[in-house]
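# A structural walkthrough
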Amino acid sequence: MINTDSTKATQTVLNLPSIALGLKALFTGYLLVIGIGLMVAGGQILLTHGMADGKFGLSVDDIVYSYYGDRKSSKLENKLNGSMQDKAERVVRQDIIKWVREGASETQWDNKIAAHFANNCTQCHGVIPGLPDFNQYQGVLPVAQVDNGASIDSLTRVSHIHLFGIAFIFFFVGLIFSLAVGIANWLKVVAISTPFAFLIIDVLSWWLTKINPHFAWLTIIGGVGYTIASAYMWCVSMQQMWWRSNSNPNRHQPAW
């Protein structure tokens, strides 16, 4: 006589409340690092783009100045009055701005202005790859012209970095969140797909703002959209892994 009880297959349920401790540690470590990284990225945005208008805090004007530019002035002057304001004394900044407004002549550069750049700017500009080289007049001249915002080269470079890099972050956050239980399937689909949609809106808005400043609002909408969706998935995932996971009424429910 065959013992049917001994031939029954044991079903393994895969979800956040019931996964092994090792996987919880792996997922938690990843989410913690990503969470800290996103906060640091937010701070970096405030200190760079957020100072484009000379005032702390991200605004529509900051986005317009960053991508469309201030076409009544030069990029160098805008930076000296904005995010680079603390890099040189007021009198030095005034000298450079006056030089730019008077035509940025090479004679004045050799006599006086080059020393200002050597003392205040070339510690980064001339050392860090990707930044204009301010050791030479020809390196400063392009940013002393009318500010047309971000260049096509820089937009292309930053766009492909963001699309590839941040997509990987959203993929793994979404994969972990997909193991959550007790959440309607439609809500899972919306939460997982929303960051990717808003990422595309965010990057596309840079190019559109380069053409027309009225599209700057899309940059804020894109950033806020994927931040909220990612924060929701992050919080739900951490809560289901560690907060009363053993008493979760859905812990025996398959996540997929």
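Just above, that's the structure.
Read on for an overview of the structure. (Residues numbered from 1 in each chain as written. Predicted model: local features only at pLDDT ≥ 70, side-chain atom pairs only at ≥ 80, totals over all residues. Heavy atoms only, no water.)

## Remarks on helix H5 (residues 106–120)
The periodicity of an α-helix, 3.6 residues per turn, causes residues three or four positions apart to be oriented the same way. Inclusion rule: Bend, in this description, refers to the angle at a residue between axes fitted to the seven residues ending there and the seven starting there. Put simply, DSSP H or I for four residues or longer makes a helix, DSSP E for two residues or longer makes a strand, and each gets a number counted from the N terminus. The cut-offs for exposure are 20% and 50% of the maximum accessible area for each residue type, with area from a 1.4 Å probe on protein chains only; residues under the lower value are buried, those over the upper are exposed, and the others partly exposed. When checking whether two residues touch, look at their non-hydrogen atoms; a contact exists if any pair is within 4.5 Å.
Along H5, the sharpest kink reaches roughly 60°, centred on Lys 112. Among the residues of H5, those classed as buried are Trp 109, Ile 113, His 116 and Phe 117. Buried residues along H5 sit against helix H3 (75–81), helix H4 (90–101) and helix H6 (137–140).

## Regarding the packing of helix H1 (residues 21–47) against helix H7 (residues 152–177)
Counted only if it meets this: Convention adopted: a line fitted to C-alpha atoms gives each axis, helices being fitted over their contacting stretch, and angles between N-to-C directions are expressed from 0 to 180 degrees. Between 65 and 115 degrees an angle is taken as roughly perpendicular, under 35 as roughly parallel, over 145 as roughly antiparallel, and anywhere else as oblique. Crossing handedness follows the turn of the near helix against the far one: under a right angle anticlockwise gives a left-handed crossing, and clockwise gives a right-handed one. Residue classes follow a fixed rule: Ala, Val, Leu, Ile, Met, Phe, Trp, Tyr, Cys and Pro count as nonpolar, while Asp, Glu, Lys and Arg count as charged, and any other residue, Gly among them, counts as polar.
In the contact formed by H1 and H7, the axes pass within 11 Å of each other and the chain directions differ by 140°. Judged on the interaxial angle alone, H7 and H1 are oblique. You can see that H1 and H7 cross each other, and the crossing is left-handed. On H7, the residues touching Phe 27, Tyr 30, Leu 31 and Ile 34 of H1 are Phe 168, Ile 169, Phe 172, Val 173 and Ile 176. Here the residues of the contact of H1 with H7 are counted per class, giving 9 nonpolar, no polar and no charged.

## What about the environment of Ser 74?
For Ser 74, the position within the fold is in the loop between helix H2 (60–68) and H3. Among the residues examined, Ser 74 registers a relative accessible area of 5% and is labelled buried. Spatially, the C-alpha atoms of Ser 74 and Val 100 are 7.8 Å apart, while their sequence positions differ by 26 residues. In this view, Ser 74 contacts Val 100, Val 143, Ala 144, Gln 145, Val 146 and Asp 147; residues no more than four positions away in its chain are not counted.

## Description of the pattern of salt bridges
For the record, the criterion: For this analysis, a salt bridge means a side-chain nitrogen from Lys or Arg found within 4 Å of a carboxyl oxygen belonging to Asp or Glu.
With the rule as written, the count across this model stands at 2 salt bridges. The shortest N-O distance in the salt bridge between Arg 101 and Glu 77 comes to 2.4 Å. You can see Arg 101 sitting in helix H4 and its partner Glu 77 sitting in helix H3, a full 24 residues away along the chain.

## With respect to the environment of Asn 250
Following the sequence through the fold, Asn 250 ends up in the segment after helix H9 (216–242). Look at Asn 250 and you get partly exposed, because its relative accessible area is 25%. Asn 250 sits 235 residues away from Asn 15 along the chain, and the two C-alpha atoms are 9.2 Å apart. Contact partners of Asn 250, with chain neighbours within four places excluded, come to Asn 15, Val 181 and Gly 182.

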